[in-house]
Amino acid sequence: MKITLIEPKPPGKHVFNTVKMPRLGLPILGTILQQQGHEVNIVYGTHRNVRVSDLAGCHLIGISSTTSTAPLAYHLADFVRSQGIPVVMGGPHVSFQVEEALQHCDYVIRGEGDTTFPALVESLARGEAPLGVRGVSFYHNGELIHTPSGPWADVGGIPYPEISIFGGVKLSTYPVMTSRGCPYNCTFCSVTPMFGHKTRCRSIDAILQELEQYKGKQVFFVDDNFTANSARAKALMRAIIEHNVVPRRWFAQVRTEAARDDELLKLMRDSGCGYVYVGMESVNPKTLQSYNKHQQVSDIEYCIKRFHDYGIMVHGMFVFGSDEDTAQTIEQTVKFACENKIDTVQFLILTPLPGTRTFTDLKETGRILTYDWSNYDAHHVVFNPLNMSPQELQVETVKAFKQFYSFANIFKNVWVSGWRSVAFRALGYWLVRQWEKENKWYYQALDDMCSSNTFSNPLNQQPHVIKVIKNRLLSIELVSEGTAAVAKVTGKLGDTSMSKTIKSFLKALNSTYQNLLIDAGDLTFVSETALVRFMNALNRATVKAHQTIVRLPLSHKRLFELMAMYDIEIPTYVIREAVPEP
């Protein structure tokens, strides 16, 4: 079979946008399918959008989704199915939102897909319904089928992806898995429901073979807790040194207790560890207890100092918004991060991801404000905190980011971690201010959500005119209501006026990117190429918008013909036809 696997692009700006590294699930599945004789193409959304040619001749499309990428994943799935191609979806979000996902796809893989997806592909290749494939949900003869869940995957038998599976994409960092699962069970984390409590490990020999192809490159060990088994971690690092497969630099996620083992710290340094990502979560002891974190504030302080003693940089990850948190807690966290010289931080907002205890608790108590999954990126407040208003939590979190990543703080860690710390903090300074600029609309959205306790789609509200832009051939009438911007574009558009039209539209929005409705149903295009260029320009121009709907003067059938003819990117915006099908 010819199969395309797609990882959608995550929404908005955050620290991980700067790391050119795809998630590891699709490269592993692509390797397994290639070994079974299938033709596989993988599209990494962090590098480019999906083009029509990626779908040409395909027998099956697989889409992996986290919660924040679910809306785009569903949008892509709807488009693919409109072309008559069956779609399989997998990943943590759809594993816990199966019926929702099946409104957009044909099959959902629940949990790990290493065994389930190849078995599903073989069943479909034989023309059979996958009734005997474990871990799949689908409709069969009008009945919703959930086949029994399969056992946890034997990670020792999973092949590692050869570097060629990345398709020549230039990555800044390469992902490597040494284990799956986590023995802890933090209330807000979906790792344990998705991958289990038990840590399952690959053999050291297999990891060394994989690292051989990454010599001289940066590597991220994607384990949920790289040092969960300290004896095994030390054996792996000794082997990396002895077999001379030391990466140029490697990074990993660890817990604070890793810093209490001097032998482990020395081996991490000697094997090339440059950065550790530590789940610190809070400096409020009551919050740590509510998260079921099993660590103290003193553990966090000691962890930062010891990693720095060994020349390893520290990225601290904190989560604001527990029932024990207040605005004062957030202020104390920023002070703590600066005083303890953490190199970089993420101040994340507690997010009720499906599958977690947090999601269940907040849903049952009616505290979730919106199920717009694109806001579930840990940077937007989507629930009612106990000791703050949603608006206060949003404002205080952004303020905390700006205080830590202030111009005055950029150079303060240079004597601890060198110029790399300066570079990362400077990047943080820029990212935080760009994020705030592009998300001003969300403060109004929070006000709307809190006033009605439901999330109303501002695109459905009655707009009022705020500005009209006219030139010799075009007219753009801009209207607004709440967080929505609506543009009525009429007249004639040619290649020469394209750039000016897009710039005029963006200027009229005054750099406040919101929900957009662009009505070009009465716009005349001088040629097909002008229409195609307009669609491509909108794809680039509206990338910062939360949600975009575009009305175009052609039927869906004709739209698909043009997209295939010119091999354009599948738009990230929703297209509504202005001309009905004949």
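Residues numbered from 1 in each chain as written. Predicted model: local features only at pLDDT ≥ 70, side-chain atom pairs only at ≥ 80, totals over all residues. Heavy atoms only, no water.

Engineer: Looking at this structure, I do not really get the overall build of the protein chain. What am I missing?
Structural biologist: Counting its secondary structure elements, the protein chain contains 20 helices and 22 strands. In terms of C-alpha radius of gyration, the protein chain reaches 25 Å, essentially the compact-globule figure of 25 Å for 582 residues. In terms of its C-alpha atoms, the protein chain occupies a principal-axis envelope of roughly 70 × 60 × 45 Å. By residue count, 56% of the 582 residues in the protein chain fall in the buried class. Of the contacts made within the protein chain by residues no fewer than 6 positions apart, 72% connect residues no fewer than 24 positions apart. Summed over all atoms, the accessible surface of the protein chain reaches about 24400 Å², with 51% contributed by carbon and sulfur. Of note, the protein chain has its 59 positive side-chain charges centred 7 Å away from the centre of its 56 negative side-chain charges. (Helix = DSSP H or I, 4+ residues; strand = E, 2+ residues; numbered from the N terminus. Rg over C-alpha atoms; globule rule 2.2 N^0.38 Å. Buried < 20%, exposed > 50% of the residue type's maximum accessible area, 1.4 Å probe, protein only. Contact = heavy atoms within 4.5 Å. Areas by Shrake-Rupley, 256 points an atom, 1.4 Å probe, with all protein chains shown as cover. Lys, Arg positive; Asp, Glu negative; His and termini not counted. Charge placed at Lys NZ, Arg CZ, Asp CG, Glu CD.)

Engineer: Help me understand the sheet that holds strand 3 (residues 60–64), please; the structure alone is not making it clear to me.
Structural biologist: Across a sheet, paired strands are connected by hydrogen bonds in the backbone, their directions being either parallel or antiparallel. Taken in spatial order, the seven strands line up as 2-1-3-4-5-6-7 in an open sheet, and their pairing is mixed. Either end of the sheet is taken by a strand with one partner, and the two such strands are strand 2 (39–44) and strand 7 (143–146). On average, adjacent strands in this sheet sit at an angle of 20° to one another, irrespective of strand direction. By the bridge criterion, four bridges tie strand 6 (residues 136–140) to strand 7 in an arrangement that is antiparallel. When the bridges of strand 7 are listed, Phe138 appears paired with Ile145. Along the sheet face, helix 2 (residues 70–82) touches strand 1 (2–7), strand 3 and strand 4 (87–90) and points at about 165° away from the line of strand 4. (Pairing = 2+ DSSP bridges. Axes fitted to C-alpha atoms, helices over the stretch in contact; angles between N-to-C directions.)

Engineer: Would you explain the packing of helix 19 (residues 528–541) against helix 20 (residues 556–566) in this entry?
Structural biologist: Helix 20 packs onto helix 19 with a crossing angle of 90° between their chain directions and a minimal axis gap of 11 Å. As summarised for this structure, helix 19 and helix 20 are arranged roughly perpendicular, according to the angle between their axes. For the pair helix 19 and helix 20, the contacting residues are Glu528, Thr529, Leu531, Val532 and Met535 in the first and Arg558, Leu559, Leu562, Met563, Met565 and Tyr566 in the second. In terms of residue class, the contact of helix 19 with helix 20 is made up of eight nonpolar, one polar and two charged. (Parallel < 35°, antiparallel > 145°, perpendicular 65-115°, else oblique. Nonpolar A, V, L, I, M, F, W, Y, C, P; charged D, E, K, R; others polar.)

Engineer: Looking at this structure, I do not really get the pattern of salt bridges. What am I missing?
Structural biologist: Pairs may arise between side chains of opposite charge once their charged atoms sit close together. Using the criterion set out here, one finds 28 salt bridges in the structure. A salt bridge links Lys266 to Asp270; the nearest nitrogen and oxygen atoms lie 2.8 Å apart. Linking Lys266 with Asp270, this pair stays in helix 9 (residues 262–270), spanning four residues, or about one helical turn. A relative accessible area of 43% places Lys266 in the partly exposed class. Residue classification places Asp270 among the partly exposed positions, given a relative accessible area of 34%. Close ionic contact of Asp323 with Arg367 constitutes a salt bridge, the shortest N to O distance being 2.8 Å. Separated by 44 residues along the polypeptide, Asp323 in the loop between strand 14 (313–320) and helix 12 (327–339) and Arg367 in the loop between helix 13 (357–364) and helix 14 (390–404) bring together distant segments of the chain. Via salt bridges that share partners, Glu112, Asp114, Arg180 and Arg200 belong to a single interconnected network. (Salt bridge = Lys/Arg side-chain N within 4 Å of Asp/Glu carboxyl O.)

Engineer: What should I look at first to understand helix 12 in this one?
Structural biologist: Owing to its 3.6 residues per turn, the α-helix brings residues three or four apart onto one side. The first and last C-alpha atoms of helix 12 sit 19 Å apart over 13 residues, in line with the 18 Å expected at 1.5 Å per residue. The inward-facing, buried residues of helix 12 contact helix 11 (297–309), strand 14, strand 15 (344–349) and helix 14. Looking at the residues trailing helix 12, positive phi occurs at Lys341, about 60°. (Expected span 1.5 Å × (residues − 1).)

Engineer: Mind showing me how you'd approach the sheet that holds strand 11 (residues 218–221) here?
Structural biologist: Strands sit in the order 8-11-12-13-14-15 across an open sheet of six strands; the sheet is parallel. Looking at which strands have only one partner, the edges of the open sheet turn out to be strand 8 (174–176) and strand 15. Neighbouring strand axes in the sheet, compared pairwise and without regard to direction, differ in orientation by 20° on average. As defined by bridge partners, strand 12 (residues 249–254) adjoins strand 13 (residues 273–281) across five bridges and the pair is classed as parallel. Looking across to strand 13, one finds that Phe251 is bridged to Tyr275.

Engineer: Looking at this structure, how should I read unusual backbone geometry?
Structural biologist: Keep in mind that most residues, glycine aside, have a negative phi and that most peptide bonds are trans. Unlike most non-glycine residues, Asn292 shows phi in positive territory, near 60°. Here Asn292 is to be found in the loop between helix 10 (285–290) and helix 11. Not every positive phi belongs to a glycine, and Ala378 is a case in point at roughly 70°. Along the chain, Ala378 turns up in the loop between helix 13 and helix 14.

Engineer: How should the packing of aromatic side chains be read in this particular structure?
Structural biologist: Here a ring pair, both rings aromatic, is described through the centre-centre distance and the interplanar angle of the planes. For the structure shown, the criterion picks out 25 aromatic pairs. Measuring from centroid to centroid gives 4.9 Å for Phe221 and Phe226, while their planes differ by 15°, and the two rings are stacked. Taken together, the aromatic side chains of Phe318, Phe320, Phe347, Phe401, Phe404 and Tyr405 make up a single cluster linked through ring pairs. (Phe/Tyr/Trp six-rings, centres within 6.5 Å; stacked < 30°, edge-to-face > 60°.)

Engineer: What is the right way to read a nonpolar patch on the surface from this model?
Structural biologist: A cluster of nonpolar side chains, namely Phe407, Phe411 and Trp419, defines an oily patch on the protein surface of about 410 Å² accessible area. Along the chain, Phe407 falls in the loop between helix 14 and helix 15 (414–417). Residue Phe407 is classed as exposed on the basis of its relative accessible area of 57%. (Patch = residues over 30% accessible without salt bridge, like charges linked within 9 Å, V, L, I, M, F, W, Y side chains within 5 Å.)

Engineer: Can you walk me through the environment of Asp205 in this structure?
Structural biologist: Mapped onto the elements of the fold, Asp205 is located in helix 7 (residues 204–212). Of the residues examined, Asp205 reaches a relative accessible area of 53% and is grouped as exposed. With 34 residues separating them in the primary sequence, Asp205 and Ala239 have C-alpha atoms 8.7 Å apart.

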